[in-house]
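Topology and contacts: notes
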Number of protein chains: 4
Amino acid sequence: MDMFSAKAKSCIDACLDCYATCLGMASNHCLVVGGPHVEQEHFRLMLACAEVCRTHAHLMILGSPHARHLAPECAEIATRCAESCASVGDMEACVAACRACAASCSDMG
Amino acid sequence: MDMFSAKAKSCIDACLDCYATCLGMASNHCLVVGGPHVEQEHFRLMLACAEVCRTHAHLMILGSPHARHLAPECAEIATRCAESCASVGDMEACVAACRACAASCSDMG
Amino acid sequence: MDMFSAKAKSCIDACLDCYATCLGMASNHCLVVGGPHVEQEHFRLMLACAEVCRTHAHLMILGSPHARHLAPECAEIATRCAESCASVGDMEACVAACRACAASCSDMG
Amino acid sequence: MDMFSAKAKSCIDACLDCYATCLGMASNHCLVVGGPHVEQEHFRLMLACAEVCRTHAHLMILGSPHARHLAPECAEIATRCAESCASVGDMEACVAACRACAASCSDMG
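Everything numeric here is computed off the predicted structure, so don't read it as measured data.

Rules of the game
- Residues numbered from 1 in each chain as written.
- Chains lettered and ligands numbered in written order.
- Predicted model: local features only at pLDDT ≥ 70, side-chain atom pairs only at ≥ 80, totals over all residues.
- Heavy atoms only, no water.
- Contact = heavy atoms within 4.5 Å.
- Buried area = accessible area lost by both parts, 1.4 Å probe.
- Salt bridge = Lys/Arg side-chain N within 4 Å of Asp/Glu carboxyl O.
- Polar contact = N/O pair within 3.5 Å; in protein donor to acceptor, adjacent residues only side chain to side chain.
- Helix = DSSP H or I, 4+ residues; strand = E, 2+ residues; numbered from the N terminus.
- Nonpolar A, V, L, I, M, F, W, Y, C, P; charged D, E, K, R; others polar.
- Expected span 1.5 Å × (residues − 1).
- Buried < 20%, exposed > 50% of the residue type's maximum accessible area, 1.4 Å probe, protein only.
- Phe/Tyr/Trp six-rings, centres within 6.5 Å; stacked < 30°, edge-to-face > 60°.
- Least-squares fit on C-alpha atoms with pLDDT ≥ 70 in both.

1. Observations concerning the interface of chain D and chain A
Counting from both sides, the interface comprises 18 residues of chain D and, opposite them, 17 residues of chain A. Interface area for chain D against chain A, summed over the two sides, is near 1700 Å², with a carbon-plus-sulfur share of 67%. A per-residue breakdown of the area chain D buries against chain A is headed by D:Met3, D:Arg54 and D:Ile61, which together make up 29% of the total. Scanning the region where chain D abuts chain A turns up 0 salt bridges. Seen at the junction of chain D and chain A, the total is 8 residue pairs in polar contact (both at pLDDT 80 or more). Contributing elements (two or more residues each) for the side of chain D that touches chain A: helix 1 (6-33) and helix 2 (40-62) of chain D. Here the element with the most residues in the side of chain D that touches chain A is helix 1 of chain D; it accounts for 9 residues. Classifying every residue of the side of chain D that touches chain A gives 9 nonpolar, 7 polar and 2 charged.

2. As for helix 3 (residues 67-88) of chain D
Residues separated by three or four positions in an α-helix point in the same direction, a consequence of the helix having 3.6 residues per turn. Look at helix 3 of chain D: 31 Å from first C-alpha to last across 22 residues, which is about the 32 Å you get at 1.5 Å a residue. Of the positions making up helix 3 of chain D, those classed as buried are D:Ala67, D:Leu70, D:Ala71, D:Glu73, D:Cys74, D:Ala75, D:Ile77, D:Ala78, D:Cys81, D:Ala82, D:Ser84 and D:Cys85. Next to the buried residues of helix 3 of chain D lie helix 3 (67-88) of chain B together with helix 1, helix 2 and helix 4 (92-106) of chain D. D:Gly89 lies just past helix 3 of chain D and shows a positive phi near 90°.

3. Quick look at the interface of chain B and chain A
In many analyses, interface size is given as the accessible surface area lost on bringing the parts together. On the chain A side, the residues contacting the 11 residues of chain B number 11 residues. For the pairing of chain B and chain A, the buried interface totals around 1000 Å² over both sides, and the portion due to carbon and sulfur atoms is 55%. Run the count over chain B and chain A and you get 2 salt bridges. For B:Arg54, the salt bridge is made with A:Glu51, and the minimal N-O distance between the two is 2.8 Å.

4. Re the packing of aromatic side chains
According to the stated counting rule, one finds 2 aromatic pairs over all chains in the structure shown. Seen in terms of ring centroids, C:Phe43 and D:Phe43 are 5.2 Å apart; in terms of plane orientation they differ by 85°. Their pairing is edge-to-face. Here C:Phe43 is found in helix 2 (residues 40-62), whereas its partner D:Phe43 is found in helix 2 on a different chain. Taken individually, C:Phe43 and D:Phe43 each receive the classification buried, so the pair is uniform in this respect.

5. Focus: the relation of the copies chain D and chain A
Note on the chain copies: they are related by a rotation about an axis and a translation along it. Rotating chain D by 180° and translating it 0.0 Å along the rotation axis places it on chain A, where the RMSD comes to 0.0 Å. Read as a symmetry element, the transformation amounts to a two-fold axis. Identified as the residue of chain D closest to the rotation axis by C-alpha distance is D:Leu16, at 4.1 Å. The fraction of interface residues of chain D whose copies in chain A are also interface residues reaches 94%, indicating that both copies meet through the same surface.

Distances and angles like these do not, on their own, reveal function.
In structure tokens, the structure reads:
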């Protein structure tokens, strides 16, 4: 993907990694462990975070100037999701992916 | 959307309705009620069904000849999701949307 | 979909209609007519608008409080897409769907 | 993403790379170069291929048993897209990403 700047490429990768980690842990970890892991506010936030990251990546891949408008919201929801995962516990991979995504998106906005 | 045949338009609508009903009930009903509603196999099937319906609609909207290849799998997963929802119970709207989608997709394959 | 308020249901429908109209006209009309219809800025805006509408609908369907954060950006990109379609011409259905979506999203923000 | 087998992880990566390469080259290369690059059959295939790859990755990330049903269609559309890109020319990155994706998906079906 030489068509992207190094910075954009890095943010696309961070967003797709956050998307895959949130969705994968929700489906393969939270639904298995249960309890606070499937509490509505937490689980819904993971699904919403995955979707916003996926779409922010999509707009950066398109090269759309509107990608910049989604960057702050992507940083915000990833930060909220990292906090929720840290609070639920046993979600280190998701906390790390969300924080890396938030940092990268904050740099793009 | 005059660009679609009546049959394609009807299947797009059935797929988008199934997508919204499965995703909406998973997030706003299953996560609230808990118990068998958030059992992994059931909940994951609802998310997977929502995604396949969304994408089958996307390919029909594109007018892609590959939409036809997804139709049988979309009918299959919607049928499985209807069965799972009927078995869990208290999911009538989702059973109905999945069955309507499966019937419409079977007609497109 | 009785799980949504009338206002949310109406905005979900407007966003999904805008998504399908933008994507469908891009693929089935712009790619056939060519010329200014496939100029990069216009065509990319149609694809980006379709994606933002699809995702705003997704977050409303999830019942996520973050849907509200996407509403102003969805209204903005739909307004820009309506302007681009009006300028290119022969895109009345897309102009109408984008304007209806923008009005509905402005009411949700 | 330790939650996936090495084989699944490799196929998720191949599908997401094919998605990003097809969508990115369609938007940032084909729309700029024009001519056969924006011919309807070719361009629509790139968009449809991107979407099928994205969704096949999504089902593998969910850990859904239905991912296996999409694998042959994902291999098929990526193969068709590679052929179309090779025929149009000056699309080497897309040909390579599509072929790698098709090979990986063929191994999953």
